[in-house]
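Inside the fold
Residues per chain, in single letters:
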Amino acid sequence: MTRADWEKSYARTESALGQAKIEAAPDLPRLEEVRVRFTGRKGELTELLKSLKDLSIEDRRELGPKAQGLKASFDAAVAARKTALEDQGDAVSLSDDAIDLTLPSLRAPRGRLHPLTTTLHEIARIFQLMGYSWAEGPHVEDERHNFTALNIPEDHPARDSHDTFYLRDLPLLLRTHTSTVQIRTMESQRPPLRVVCPGRVFRHEQLDATHSAVFLQVEGLVVDEGVGLADLKGHLQTFLQKLLGAATKTRFRPSYFPFTEPSTEVDVKCFFCPGTGCPSCKRTGWIEILGAGVVNPAVLKSVGYDERKWSGFAFGIGVERVAMLLHGVRDLRDFYTNDIRFLKQFDESLL
Ligand code: PHE
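So, here's what we can say about the structure.

Rules used in this analysis
Residues numbered from 1 in each chain as written. Predicted model: local features only at pLDDT ≥ 70, side-chain atom pairs only at ≥ 80, totals over all residues. Heavy atoms only, no water. 1 Å grid on protein atoms, 1.4 Å probe; cavity = no way out; pocket = protein on both sides within 12 Å on 5 of 7 lines; lining within 4 Å. Points joined across faces, edges and corners; volume = space filled by probe spheres on them. Nonpolar A, V, L, I, M, F, W, Y, C, P; charged D, E, K, R; others polar. Phe/Tyr/Trp six-rings, centres within 6.5 Å; stacked < 30°, edge-to-face > 60°. Helix = DSSP H or I, 4+ residues; strand = E, 2+ residues; numbered from the N terminus. Buried < 20%, exposed > 50% of the residue type's maximum accessible area, 1.4 Å probe, protein only. Core = buried A, V, L, I, M, F, W, Y, C linked by side-chain atoms within 4.5 Å. Contact = heavy atoms within 4.5 Å. Near = heavy atom within 4 Å. Polar contact = N/O pair within 3.5 Å; in protein donor to acceptor, adjacent residues only side chain to side chain. Areas by Shrake-Rupley, 256 points an atom, 1.4 Å probe, with all protein chains shown as cover. Pairing = 2+ DSSP bridges. Axes fitted to C-alpha atoms, helices over the stretch in contact; angles between N-to-C directions.

Glancing now at the layout of surface pockets. Quantified by volume, the second largest pocket comes out at close to 220 Å³. Along the wall of the second largest pocket there are 13 residues; nearest its centre are R110, G111, R112, I340 and K344. A per-class count over the lining of the second largest pocket returns five nonpolar, three polar and five charged.

Next comes the structure, spelled out in structure tokens:
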């Protein structure tokens, strides 16, 4: 190739480049077409650069940089247009799938504690403030812990009133009250002691608005020197006022439990009526909330405590009763059917 030929093809390429209007390429594929046309393997600029080798060394020295300059400005124009087109594309796709980051998100459903659990925790918390510790015992028990050590000997009519579930072929039963944990605690610890024992208990009862075959109790036991009925009344009154409000009215009725002497049942003024009587308080104006009494010396003796030195009091609180009062629930079965609409009403902040 002569120098004149080369200069002709240079001029042709240069003017073709001018007409290609790189800065106006409408999109990336079209820009790529142009790039391949000029600087691809068989591109016009590529060929021009290759054909430099046919020129004399002097011509090459002179024309080489010229051709390189042309290629450099082409490459720069292509790169600039490419960036511009890409930026445009980003802007379009951003506005196409725009997300409003300020919109509040949908709240994922959250579980919460069951109202019976929060009630049980609240009861335990108050007693903890009053210096009680926490003890637990097994659901499956022997007759000694459920009855005999609690001064309910075999053939004692009190056993009948408990409607006990016995295990088939075994001398075992499902505990009918948490008083079993009184015995277990005294067997494993020396006095003085002050414990609450929360847990599930079982009785063969017909289910209705106020009875369930499985329910929760919180047992309490205090053993010390010189402890008596006045302490019992003071502790329980303090507890009920902390739980239900300072204005809570309480009533201590004489009662009977084999393991306490004297025994009492404690009522609070009905929450559902102004004391005039309604179905919730069985028309009495009062709701029974716990059983209690001074520990029978026979019970202290059965666990090997010196009943001349030590005395105490005990109580058993029905957790469902308390939860019904606290939340205005009239049917105990609502706690067990676990209808999500019912459960959702209870405040998450109690967690
Ligand atoms: N264990 C009794 C019951 O379940 C309640 C109770 C506990 C009574 C402690 C007195 C003392 O009925």
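What follows picks up the thread again.
All chains considered together, the criterion is met by 10 aromatic pairs. Measuring from centroid to centroid gives 5.0 Å for F127 and F315, while their planes differ by 25°, and the two rings are stacked. Note that F127 is positioned in helix 5 (residues 115-129) and F315 in strand 9 (residues 311-318), a separation of 188 residues in sequence. On the basis of relative accessible area, F127 is assigned to the buried category, the value being 0%. Summarising the aromatic geometry, the rings of F335 and F342 are spaced 5.9 Å apart at their centres and angled 75° between planes, so their arrangement reads as edge-to-face.

Our focus in this paragraph is the nonpolar core. Generally speaking, a soluble globular protein has its nonpolar side chains buried in company with each other. Ranked by internal contacts, the top residues of the largest apolar core, which has 42 residues, are I123, F127, F239, F315 and I317. Looking at this core element by element, the count peaks at six residues for helix 8 (residues 229-244). Excluding its chain neighbours within four sequence positions, the residues that come into contact with I123 are V218, F239, L243, I317, V319 and V322. One finds A149, I152, C197 and V299 within the second-largest nonpolar core, a separate group that totals 23 residues.

Glancing now at the environment of K269. Tracing the sequence through the fold places K269 in strand 7 (residues 260-269). Placed 50 residues apart in sequence, K269 and E219 show a C-alpha to C-alpha distance of 22 Å. Not counting residues up to four positions away in its chain, the partners in contact with K269 are K249, G275, G285 and W286.

With that settled, consider the site of the ligand. Near the ligand you find 14 residues, and of these H177, S179, R203, Q217 and E219 are the closest. Between the ligand and S179 there is a distance of 2.9 Å, counted from a nitrogen atom to a side-chain nitrogen or oxygen. Taking R203, its side chain carries an N or O atom lying 2.9 Å from an oxygen atom of the ligand. With the chains in place, 91% of the 330 Å² that the ligand exposes on its own is no longer accessible. Among the secondary structure elements, those contributing two or more residues to the shell around the ligand are helix 7 (179-188), strand 5 (214-224), strand 8 (286-295) and strand 9.

Moving on to the sheet that holds strand 6 (residues 250-257). Here seven strands make up an open sheet; going across it, the order is 1-4-5-9-8-7-6 and the pairing mixed. Both edges of this open sheet fall to strand 1 (133-134) and strand 6, since each of them pairs with a single strand only. When strand 6 meets strand 7, the two strands line up antiparallel, connected through seven bridges. Bridging from a neighbouring strand, T250 pairs with V268 of strand 7. Here helix 8 sits on the sheet and contacts strand 4 (193-202), strand 6, strand 7, strand 8 and strand 9; the angle it forms with strand 8, its principal contact strand, is near 145°.

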